[in-house]
Amino acid sequence: MISVTPRVTPLSVGLLRQKGSNSALYEMSQKSAIVPMPEPESSNKKTTELKIGFFDISGYSPTMQFILLTAAVFVFYLVYGYMQELIFKLDGFRPFGWYLTLVQFGLYTIFGLTELQFKADKERRIPLSSYVVIAFLTVSTMGLSNTSVGYLNYPTQVIFKCCKLIPVMLGGVLIQGKKYKCIDVTAVLCMCVGLILFTLADSSVSPSFNTYGVILISLALLADGAIGNVQEKALKQYQGSNSEMVLYSYSIGFIYILIGLVLSGRLLPAFEFCKDYPVETYGYAVIFSISGYFGVNIVLTLVKSFGALMAVTVTTCRKAITIILSFMFFAKPFTFQYVWSGLIVVFGIYLNVYSKNKDSWDTYLLIKYNEVKSLLGYTRTYRKYPSATTDV
């Protein structure tokens, strides 16, 4: 028997609607036959613009876009981490972490001003009083983090930065009155245990381990937890843009650091030291700042285009590779306690991600479970039907 599939046109769809037909043909037409005609080239069709720096990748397939964005994240952040550790390997630079932050904030301000010139909307929406607080927290986060590199193994600093969830949750409870699930608390406990074990391993094998470095990076994490909540609240309340946030946070922060260095008498010694090693300080700092600025923007693009789950997966893999490369390029003692304590931290990160994406993950795992059962010869499958209260 030869089966003929009827051709469904917009005209036949209209006739079927007039007759009020409930036939399979009408259902098929509703689902797949109403295909819009190609729009003329002069139409104002909006497309989502995706860029890596100044390169537009909107025309590529989603898979290729993800590959390019992931590659860019790895390249920029691996360069960022390498240059940061390389700067602090220079003999005598250890006391000048705040001066490096001053240079970084100055360059970020220039980048922000340049980027703002290409924006149609240049109006500042968030009040300066909010930026005074945000800039202080930004200075605390980045300044303390940069300075801690002079007192800790770089892998230890990276592991601490992986545990941003801990202060974020504390800040969420204290600042915004949020409540968290049991799984989120479990994730934080895993991170705390992993951090303690990783730090103990570092203190037992590293001759350069310094408790002052742990205090610095811990304070940086506390400021990081607060800044995320304050930024989120300001952006939602005043509808500010990311470009505006970057420009005003770093420009006001630059003034803070400059005043602090002048009052403490550390500005001139740092300037004189860096003047003797311009390539190893200013040269590396430019590369360090450019890679960091582009890295932040690409991660934001990755989050907006593919979701937080994929972004966290990519950045976590990047941090793992950063730690491995740090051991490869810069001589330092190693113990396997680094490995399994780091894995505990990673497990805590993914518990937190699972908590935020539980419904989608459960659906995905159920689909894969059914596929595996069908491959093994089972005929009965189970499907998760959408809920009117959760699926929109």
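Residues numbered from 1 in each chain as written. Predicted model: local features only at pLDDT ≥ 70, side-chain atom pairs only at ≥ 80, totals over all residues. Heavy atoms only, no water.

Before going further, it helps to spend a moment on the overall build of the protein chain. For the protein chain, the helix and strand inventory stands at 14 helices and two strands. A separation of at least 24 residues holds for 79% of the contacts in the protein chain among residues at least 6 apart in sequence. Total accessible area on the protein chain stands at roughly 23,100 Å², and carbon and sulfur atoms take up 66% of it. (Helix = DSSP H or I, 4+ residues; strand = E, 2+ residues; numbered from the N terminus. Contact = heavy atoms within 4.5 Å. Areas by Shrake-Rupley, 256 points an atom, 1.4 Å probe, with all protein chains shown as cover.)

Going through the model one piece at a time under the given rule, you end up with 17 aromatic pairs. Ring geometry for Tyr80 and Phe288: centres 4.5 Å apart, planes at 20°, overall stacked. Taken together, the residues span a long stretch of sequence, with Tyr80 in helix α3 (residues 62-88) and Phe288 in helix α12 (residues 278-329) at a distance of 208 residues. A centroid spacing of 5.3 Å and a plane angle of 45° characterise the contact between Phe96 and Phe273, whose relative ring orientation is tilted. Placement of the pair is Phe96 in the loop between α3 and α4 (97-117) and Phe273 in helix α11 (residues 267-276), with a sequence separation of 177 residues. On the accessibility criterion, Phe273 (15% relative accessible area) is buried. Site record: aromatic cluster; members linked through ring pairs are Phe76, Phe105, Tyr108, Phe111, Tyr250, Tyr293 and Phe294. The ring of Tyr248 has Arg124 lying over it, and the distance from NZ or CZ to the ring centre is 5.8 Å. (Phe/Tyr/Trp six-rings, centres within 6.5 Å; stacked < 30°, edge-to-face > 60°. Buried < 20%, exposed > 50% of the residue type's maximum accessible area, 1.4 Å probe, protein only. Lys NZ or Arg CZ within 6 Å of the ring centre and 35° of its normal.)

For the rest of this paragraph, the subject is the environment of Thr301. For Thr301, the position within the fold is in helix α12. In this structure Thr301 comes out as buried when scored by relative accessible area, which is 17%. Not counting the four nearest positions on each side in its chain, Thr301 is found in contact with Leu50, Lys51 and Leu69.

A separate point is the pattern of salt bridges. Scanning all chains against the criterion turns up one salt bridge. Measuring nitrogen to oxygen at the nearest pair gives 3.0 Å for the salt bridge that ties Lys275 to Glu272. Highlighted residues: Lys275 and Glu272, both in helix α11, separated by three residues, approximately one helical turn. (Salt bridge = Lys/Arg side-chain N within 4 Å of Asp/Glu carboxyl O.)

Considering the arrangement of structural elements, one finds Phe93 in the loop between α3 and α4. On the basis of relative accessibility, which here comes to 2%, the residue Phe93 falls in the buried class. A sequence separation of 177 residues divides Phe93 from Ala270, and the C-alpha atoms of the two residues are 8.3 Å apart.

We now examine the nonpolar core. The biggest cluster of nonpolar side chains holds 64 residues, and the ones touching the most others in it are Val73, Phe93, Tyr99 and Leu100. The residues contacting Leu100, other than those within four sequence positions of it, are Ile87, Phe88, Phe93, Ala285 and Phe288. The next biggest cluster of nonpolar side chains, apart from the first, holds ten residues, and it includes Leu137, Ala226, Met245 and Ile252. (Core = buried A, V, L, I, M, F, W, Y, C linked by side-chain atoms within 4.5 Å.)

Moving on, we get to the confidence of the model for the protein chain. Summing up the model confidence of the protein chain, the mean pLDDT is 75 and the portion of residues at 70 or higher is 73%. Put simply, helix α2 (residues 24-33) is where the protein chain has its lowest mean pLDDT, 40, and α11 is where it has its highest, 93. Across residues 1-46, confidence stays below pLDDT 50; counting only partners more than four residues off in sequence or on other chains, it has 21 contacts. In this model residues 385-392 is a low-confidence stretch, pLDDT under 50, and it forms two contacts with partners more than four residues away in sequence or in other chains. (pLDDT = per-residue confidence, 0-100.)

Together, Tyr82, Ile324, Met328 and Phe329 give the surface a local cluster of nonpolar side chains, amounting to about 450 Å² of exposed area. Counting residues per element, the nonpolar patch draws most heavily on α12, which supplies three residues. Of note, Met328 is situated in helix α12. With relative accessibility at 59%, the residue Met328 sits in the exposed group. (Patch = residues over 30% accessible without salt bridge, like charges linked within 9 Å, V, L, I, M, F, W, Y side chains within 5 Å.)

A few words on the packing of α3 against α4. Where α3 contacts α4, the axes come no closer than 11 Å and their chain directions differ by 140°. Every pair of crossing elements has a handedness; the one defined by α3 and α4 is right-handed. Contacts from Tyr80, Ile87 and Phe88 of α3 reach α4 at Gly97, Leu100, Gln104 and Tyr108. Tallied by class, residues from the contact of α3 with α4 come to five nonpolar, two polar and no charged. (Axes fitted to C-alpha atoms, helices over the stretch in contact; angles between N-to-C directions. Left-handed = near helix turned anticlockwise from the far one by under 90°. Nonpolar A, V, L, I, M, F, W, Y, C, P; charged D, E, K, R; others polar.)

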